Amino acid sequence: MTDAAQPDIVYRPRGRLPGTRLGAHRGRDAGGLGTFRDQVPFLRMPDARRIDVRATLRDPFEGTFVRRFEARTLVEVWALFDLTASMRFSGEADRIGLASELCVALAASATRIGDAFGLIGCDETVREEAFLPASRARGRASDVARRLAATPCTGRRADGMVQAARRLVGPPKMVFLISDFRWPEALITRVFSSLSRHDLVPVVLGDAAEAEGLPEWGLLELDDLEGAGRRVVFMRPALRRRWIARETERAETLRRIATAHGRPPFRLAGRFDPDAVSRHLLGS
Amino acid sequence: MNDALARFCVDHPGLLWLLPLALLPLLVSAQRSTPVAAIAAGPADGLSRAIGRVVRAGGILSFAGLILALSGPYRQGETIIRTGIGAQVSILIDRSGSMNETFAGRQPSGAEESKAAASRRLLAAFVGSRAHDQFAVTAFSTAPMLVVPMTDRHDAVRAAIAAIDRPGLDYTNIARGLAMGLSQFGPASPATSRALLLVSDGAAVIDPRAQDALRAAFTRLRPNLYWLFLRTKGSPSISDRPAGEDTPQAAPERHLDLFFRSLRIPYRAFEAEGAEAVAEAIAQIERLERDPIPYTEQRPRRDLTGLAYGLSLIGLLILVAAKLGEADLRRVRAASGPTAKPRASAPEPTRLAA
């Protein structure tokens, strides 16, 4: 379980969810309990226990009306976790630590309100040791923490994300796609379109050290974590500007693709703040 | 180039087996590597690429330079044969006692200069006026003295000539002097123009056996012969027939001249009765001797260790500059850390209801 002082992440799935099990979110079906939704003619829902006397009397055509209430349902929350080597990046903050923190907080928040939480870790394929099926068990958050701590990030590509999408069958789920999205644009589009059935929340792990925090002057020898080689870069203000412009452009591309398939991405950088995640999820 | 490589030698060739170590900078970098999520994030940059290559080359250079320097490289000395304009001049100088006298036949006093001093002054100007002339200096009195062998080191020749006004002694044994003066030419290509410059103020009898040997040597070497006869005022000229019996003993100058004429080689005699006449004669010789001459140039062995150390120093300086110019993302993180915090603790969430 997470620290009690840490607030839960509050999320609200998009639209009304199908499902009959009682949960915390607005369901598509009308049920007997919950918040009032509308009144329908008796013949549409012949439930004599919920006849709305007042509406029935008020109807000049003497129809009989029944009150309908919104059912509360559950949603499965899944985290698709990028396990490629680029997640080992440590700049302003430790990227993998930040992502794990978010994942654990999500697991804790989901299980607290009765939703199931599942975890899929992917690199080239789905990593089975980092796979946790959706469960409402109370100890899920600590399971997640344990699994993520035990799984090294060694992958070089993130193609497993497409396979992971095939595991998410059944009713629409809430899917958090946690990655730094250092992928080819084609892969991003493929992954997003394969997951667009779900309520997809991309979480981009950024770092100030990768853009705004770059030094004005100096010699850097870049070493790609994913094994794409080494390169000497002579930083100077002009190059720094170009670099930042490129990063901004990349973020903009991602935002465009993500918005087309659902929600805009949430940028997680520097420090994990559950309230900021909540604000992002409720605001969009 | 190939030739220059062939003359390249080292003292400890075994150390050169270490040279492949110079390729290490291609594999490993001395720079602190900065792990990044994606190397493609940085825009392509020509200057950076060039600097990267320079740093790598600097590493290779420092390794290679140090290994080379340790192995003790040097360039072998050599003798290069070149062709210039000039001649081999064998100067044969009379050092008999009479050379100490002036042209007037007295001991020099005051501003007067002796024949030796005058010839010294004028010959010194002759030597070195053309870069590729080669000179040998031989002195003779009773016995010949080898002063400087055939050389193009004009400083040495000038020093030898500077010494000829030391007081001379004894008599004039011209036959042995001529033999040694001729032996100075040594082996050289037939195209070489050779000149034997005899500076004397008198002559002596050459005995017939010596005459044959000299004649053979002259025929073999075929030098241009110049006789600078420093004639003392009042003494007989080369062409003067003696009043009495015309024997070599009576008029050695005349008979020496006749002997030279009989050699069938280019021969000129200058009779100088003063310093100006000597200068004129020398200028004339200088004008005559203008032929291509192959000359040898000695190149000493040259130690290249300093050069190798210099090369490695350049490489090391590049590496040090690269090291000093290193930027560190972590330092940047530490600097920007405190400013990042307040930004993250943003205002209270406005809506919390789900």
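The structure this text deals with has already been given above.
Bear in mind the structure is a predicted one, so any value in this text is a computation, not a measurement.

K.L.:
Honestly, the pattern of salt bridges in this entry has me stumped. Any pointers?
P.N.:
A side chain with one charge can pair with a side chain of the opposite charge if their charged atoms come near. Inspection of the entire model under this criterion finds 32 salt bridges over all chains. Of the charged contacts, one joins Arg95 of chain A and Glu210 of chain A as a salt bridge, the two residues approaching to 2.9 Å between their closest N and O atoms. Here the residue Arg95 of chain A occupies a position in helix H2 (residues 95–112), and Glu210 of chain A occupies one in the loop between strand S7 (199–206) and strand S8 (218–224), the gap between them amounting to 115 residues. With respect to burial, Arg95 of chain A and Glu210 of chain A carry one shared label: buried. With a shortest N-O distance of 3.8 Å, Arg301 of chain B and Asp11 of chain B are connected by a salt bridge. Of this pair, Arg301 of chain B sits in the loop between strand S11 (291–299) and strand S12 (302–303) while Asp11 of chain B sits in the loop between strand S1 (8–10) and helix H2 (24–27), and the two are 290 residues apart along the sequence. Through salt bridges with shared partners, one network takes in Arg95, Asp180, Arg182, Glu210, Glu247 and Arg250 of chain A.

K.L.:
For this particular structure, what's the right way to read H2 of chain A?
P.N.:
Residue and element names in this part refer to chain A. In this model, H2 (18 residues) spans 26 Å end to end at C-alpha, consistent with the 26 Å of a helix rising 1.5 Å per residue. Extensive coverage of H2 is indicated by the burial of 14 of its 18 residues. Downstream of H2 by one or two residues, Gly114 has phi in the positive range, about 90°.

K.L.:
Teacher, can you tell me more about the sheet that holds S12 of chain B here?
P.N.:
Sheet strands associate in pairs through backbone hydrogen bonding, adopting either a parallel or an antiparallel arrangement. Residues and elements named next belong to chain B. Taken together, three strands build an open sheet; the order of strands is S1-S3-S12 and the sheet is antiparallel. Among the strands making up the open sheet, the edge pair consists of S1 and S12. Here S1 pairs with strand S3 (residues 73–75) via three bridges, running antiparallel. Looking at the pairing, Cys9 lines up with Tyr74 of S3.

K.L.:
Help me understand the nonpolar core, please; the structure alone is not making it clear to me.
P.N.:
Across soluble globular proteins, nonpolar side chains show a tendency to be buried alongside one another. The biggest cluster of nonpolar side chains holds 40 residues, and the ones touching the most others in it are Phe117 and Ile178 of chain A. Ranked by residues supplied to this core, first place goes to H2 of chain A with ten residues. In terms of nonpolar packing, the next biggest core, distinct from the first, is built from 32 residues, Val148, Val157, Val278 and Ile285 of chain B among them.

K.L.:
Any chance you could explain the sheet that holds strand S3 (residues 76–82) of chain A here in plain terms?
P.N.:
Residues and elements named next belong to chain A. The strand order S5-S4-S3-S6-S7-S10 describes an open sheet built from six strands, whose pairing is mixed. Each of the sheet's edge strands pairs with one partner strand only, and the pair in question is strand S5 (126–135) and strand S10 (266–269). Across the sheet, the mean angle from the axis of one strand to that of its neighbour is 20°, orientation sign disregarded. On the sheet, helix H3 (residues 140–150) packs against S3, strand S4 (116–122) and S5 and is oriented at approximately 175° with respect to S5.

K.L.:
Before we go on, may I ask you to explain helix H6 (residues 237–260) of chain A in this structure?
P.N.:
Think of an α-helix as turning once every 3.6 residues; residues three or four places apart then point the same way. Between its terminal C-alpha atoms H6 of chain A stretches 35 Å, which fits the 34 Å expected from 24 residues at 1.5 Å a residue. For H6 of chain A, the set of buried residues is Leu239, Arg240, Trp243, Glu247, Thr253, Leu254, Ile257 and Ala258 of chain A. Tucked into the core, H6 of chain A has its buried residues touching helix H5 (185–194), S7, S8 and strand S9 (230–235) of chain A together with helix H3 (46–70) of chain B. Count one or two residues on from H6 of chain A and you reach Gly262 of chain A, which has phi positive near 145°.

K.L.:
Is there a simple way to explain the interface of chain A and chain B in this structure?
P.N.:
Interfaces are often sized by the amount of accessible area the parts lose when they come together. Every contact between the two is made by 44 residues of chain A and, on the other side, 43 residues of chain B. Where chain A abuts chain B, roughly 3800 Å² becomes buried across the two surfaces, and 58% of that area is made up of carbon and sulfur atoms. There are two salt bridges connecting chain A and chain B. Between Asp45 of chain B and Arg236 of chain A there is a salt bridge, with the nearest N and O atoms lying 2.8 Å from each other. Linking chain A with chain B are 15 residue pairs in polar contact (both at pLDDT 80 or more), by the criterion used here.

K.L.:
Sorry, what's going on with the side chain of Asp199 of chain A here?
P.N.:
All names here are of chain A. Mapped onto the elements of the fold, Asp199 is located in strand S7. For Asp199, a relative accessible area of 6% corresponds to the buried category. Side-chain polar atoms of Asp199 contact the backbone nitrogen of Arg14, separated by 2.9 Å. Among the polar contacts listed, one links the side chain of Asp199 to the side chain of Arg263, at a separation of 2.6 Å. Residues in contact with Asp199, not counting those within four places in the same chain, are Arg12, Pro13, Arg14, Lys173, Met174, Val175 and Arg263.

Thresholds applied
- Residues numbered from 1 in each chain as written.
- Chains lettered and ligands numbered in written order.
- Predicted model: local features only at pLDDT ≥ 70, side-chain atom pairs only at ≥ 80, totals over all residues.
- Heavy atoms only, no water.
- Salt bridge = Lys/Arg side-chain N within 4 Å of Asp/Glu carboxyl O.
- Helix = DSSP H or I, 4+ residues; strand = E, 2+ residues; numbered from the N terminus.
- Buried < 20%, exposed > 50% of the residue type's maximum accessible area, 1.4 Å probe, protein only.
- Expected span 1.5 Å × (residues − 1).
- Pairing = 2+ DSSP bridges.
- Core = buried A, V, L, I, M, F, W, Y, C linked by side-chain atoms within 4.5 Å.
- Axes fitted to C-alpha atoms, helices over the stretch in contact; angles between N-to-C directions.
- Contact = heavy atoms within 4.5 Å.
- Buried area = accessible area lost by both parts, 1.4 Å probe.
- Polar contact = N/O pair within 3.5 Å; in protein donor to acceptor, adjacent residues only side chain to side chain.

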